[in-house]
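What follows is each chain in one-letter form.
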Amino acid sequence: MKNRMRFTLECIAAMRQNVGPNFPILVKFTPYHGVEGFRELAEGLEMAKILNEADIDALHVDVGCYEAWYKAITTVYENEAHQLDVVAAVKKIVDKPVLGQGKLCDPKKAEAAIAEGKTDYVVLGHQMLADPHWANKIKANQTEDIIPCIGCNECLLSGFSGKHYYCAVNPLTYAEDDYALPPKTSEIKKVLVIGGGPGGMSAAIAAAQRGFKVDLWEKSDKLGGNLWAAGLPTFKHDVLNLIRYMETQINKSDIQVSLNKAATKENINAADYDKIILAAGSKALMPPIEGIEYAAASGDYLTGLKKPGQKVVVIGGGLVGCETAAYMKETAAEVTIVEMLDDILKIADHCLNNDQALRDLLKERQVGVIGGAKVTKITADALTYVKDGQEQTISCDTIIIAAGYQANNELEDYLESVCDNVTVVGDAEAPRKILDAVHEAYHAIRVM
């Protein structure tokens, strides 16, 4: 084993020779790949013993590899502390300090990992992009004010796209000075925010931070919008943390929240406001398929308004369709995705590790995929599609539509006719991502 680690050991020796005895050298290594045929933990523990004898100061334990990148760089689909068992196994056999990582963003779970002796240090990456004040807020007993990482990996996607790193939930990431809100002034402006999803909440919070008087209208009985559909599946509860965080910030401010209040032409008095933010979100797009009345939108099933039967077909293999299919398989005996393109997730704009994680989740749950198929007819107990010129029928008891969304922007023209300062943000502008909603809303208030 030492011969196989010769290059690493010689690098450590050379570094120590150059930096001297008092400069800390940490080695990050991967004792377990999590892919069949790759490195198993037994081999990794032998590596740990050898590294422990080298002239280093600490071991930083990693898990995964490029073939299972999501095991190394966490996504929304992984469980909390998913690397901790491997970290703890290494710590048991070495006497050098051990650094552990892998979705340890929850302060209580992070502290418990140290208290239980599973790791000596907790390492955070993406969480520190979401909120660089994580440690200070814990120290000040303000954990409810920590901006939560939601595992979307927009940070990675932006970096690999040749841009600086962005964070979906923190518009100030890498732009703390350039994008800071202007200081409060004696001028108190009035802002109306229509819609309580991520965009609406982001706008309301930013406006309150500027000292403005804010009215937030939400047509449903709770804040969150489409974040509920995104976060209620068992493997995506990280998104629910964002709802809780934003709702907490709203409740701690002077924002006047009106639930069960839909904005209409009749109840909006534009003269009362200096700024109106239209953040009404989006609604499911229902394609013109014969028998569409026998189907329902994915959001109804994701939020539990409807319960699936035992044989489910999901029309649409984009991000929402795939997540819906994976969630339905927790109770259904058979789930099949029917997608017009030749593969699922073909136009999903997300990072590779998220893509890997979701594909593996579908594979593990044995979700069927029929690509290159156009649905032509739906009945109460079947779905008909055409693939390669051949018409075929699937029997089923549940048909779910995940064919995209359309903007709720019906009020846009009216608002612009009665108010000089209107901004449409998030899905109300065009259905996209959490990042778009949060950032557009924040900047709409920042530049007022």
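In this text, all values refer to a predicted model and were calculated from it rather than measured experimentally. (Residues numbered from 1 in each chain as written. Predicted model: local features only at pLDDT ≥ 70, side-chain atom pairs only at ≥ 80, totals over all residues. Heavy atoms only, no water.)

Q: Please give an account of the sheet that holds strand E10 (residues 296-297) that cites residues and values.
A: An order of E10-E17-E11-E12-E13 is seen for the five strands of this open sheet, with the pairing classed as parallel. With partners counted over all chains shown, the strands left at the sheet margins are E10 and strand E13 (368-370), one partner each. Bridging between strand E12 (residues 334-338) and E13 involves three bridges; their strand directions are parallel. Looking across to E13, one finds that Val-338 is bridged to Ile-370. Those strands touched by helix H13 (residues 319-328) are strand E11 (311-315), E12 and strand E17 (398-401), and its axis lies near 170° from that of E12. (Pairing = 2+ DSSP bridges. Helix = DSSP H or I, 4+ residues; strand = E, 2+ residues; numbered from the N terminus. Contact = heavy atoms within 4.5 Å. Axes fitted to C-alpha atoms, helices over the stretch in contact; angles between N-to-C directions.)

Q: Tell me about the packing of helix H9 (residues 198-209) against helix H16 (residues 434-446), and please be specific about residues and values.
A: The geometry of a pair of packed helices is captured by two quantities: the angle between their axes and the separation between those axes. Look at H9 against H16: their axes get within 8 Å of each other, and the N-to-C directions meet at 30°. The angle between the axes of H9 and H16 places the two elements in the roughly parallel class. In the packing of H9 onto H16, the handedness of the crossing is right-handed. Contacts from Pro-198, Gly-199, Ser-202, Ala-203, Ala-206 and Ala-207 in H9 reach Ala-437, Val-438, Ala-441, Tyr-442 and Ile-445 in H16. Its residues assigned to classes, the contact of H9 with H16 shows nine nonpolar, two polar and no charged. (Parallel < 35°, antiparallel > 145°, perpendicular 65-115°, else oblique. Left-handed = near helix turned anticlockwise from the far one by under 90°. Nonpolar A, V, L, I, M, F, W, Y, C, P; charged D, E, K, R; others polar.)

Q: Summarise the pattern of salt bridges; cite the residues concerned and give the values.
A: In this structure the tally under the stated criterion is 25 salt bridges. Put simply, Arg-16, Asp-55 and Asp-57 are held in one network by salt bridges that share partners. (Salt bridge = Lys/Arg side-chain N within 4 Å of Asp/Glu carboxyl O.)

Q: Describe the layout of surface pockets, naming the residues involved and giving the relevant values.
A: As a volume, the second largest pocket reaches approximately 1200 Å³. Residue lining of the second largest pocket: 47 residues in total, with Lys-103, Leu-104, Cys-105, Asp-106 and Gln-127 positioned closest to the centre. Contributing elements (two or more residues each) for the lining of the second largest pocket: helix H3 (69-72), helix H5 (107-115), helix H6 (126-130), helix H7 (134-139) and helix H11 (238-251). The dominant element in the lining of the second largest pocket, judged by the number of residues it contributes, is H11, at five residues. A class-by-class count of the residues in the lining of the second largest pocket yields 19 nonpolar, 16 polar and 12 charged. (1 Å grid on protein atoms, 1.4 Å probe; cavity = no way out; pocket = protein on both sides within 12 Å on 5 of 7 lines; lining within 4 Å. Points joined across faces, edges and corners; volume = space filled by probe spheres on them.)

Q: Before we move on, can you summarise unusual backbone geometry with the specific residues and values?
A: Positive phi, close to 55°, is recorded for Ala-81, a residue that is not glycine. Checked against the element boundaries, Ala-81 lands in the loop between H3 and helix H4 (84-93). If you check the backbone angles, Tyr-174 has positive phi at about 65° while not being a glycine. With respect to the helices, strands and loops of the structure, Tyr-174 is situated in the loop between helix H8 (154-160) and strand E5 (190-194).

Q: So, the packing of helix H2 (residues 41-53) against H4: which residues are in play, and what are the values?
A: Axis separation between H2 and H4 bottoms out at 10 Å; the angle between their running directions is 40°. In terms of axis orientation, H2 runs oblique to H4. Crossing of H2 against H4: the hand is right-handed. Facing Leu-41, Leu-45, Ala-48 and Lys-49 of H2, the residues of H4 in contact are Val-86, Ala-89, Val-90 and Ile-93. Class assignment for the residues of the contact of H2 with H4 results in seven nonpolar, no polar and one charged.

Q: Now, about the nonpolar core: what can you tell me, with residues and values included?
A: In summary, soluble globular proteins display a tendency toward joint burial of nonpolar side chains. Ile-277 and Ile-445 are the most contacted members of the largest nonpolar core, which totals 67 residues. In contact with Ile-445, not counting residues within four places along its chain, are Val-191, Ala-203, Ala-206, Ala-207, Arg-210, Phe-212 and Ile-277. In terms of nonpolar packing, the next biggest core, distinct from the first, is built from 23 residues, Ala-54, Val-90, Val-98 and Ala-113 among them. (Core = buried A, V, L, I, M, F, W, Y, C linked by side-chain atoms within 4.5 Å. Buried < 20%, exposed > 50% of the residue type's maximum accessible area, 1.4 Å probe, protein only.)

Q: How would you sum up H4? Please name residues and give values.
A: Within H4, the full set of buried residues consists of Leu-84, Val-86, Val-87, Ala-88, Ala-89 and Val-90. Those residues of H4 that are buried are in contact with strand E1 (26-32), H2, strand E2 (58-63), strand E3 (98-100) and H5.

Q: Lay out the sheet that holds strand E6 (residues 213-217) in plain terms, naming residues and giving numbers.
A: Read from one edge of the open sheet, five strands run E7-E6-E5-E8-E19, paired in parallel fashion. Because the sheet does not close on itself, it has two edges, and the strands there are strand E7 (256-258) and strand E19 (422-424). Sheet twist, expressed as the average angle between the axes of neighbouring strands with direction ignored, equals 15°. The sheet contact formed by E5 and E6 spans five bridges and is parallel. Bridge assignment links Val-191 to a residue of E6, and that residue is Val-214. Running at roughly 165° to E6, H9 makes contact with E5, E6 and strand E8 (275-278) of the sheet.

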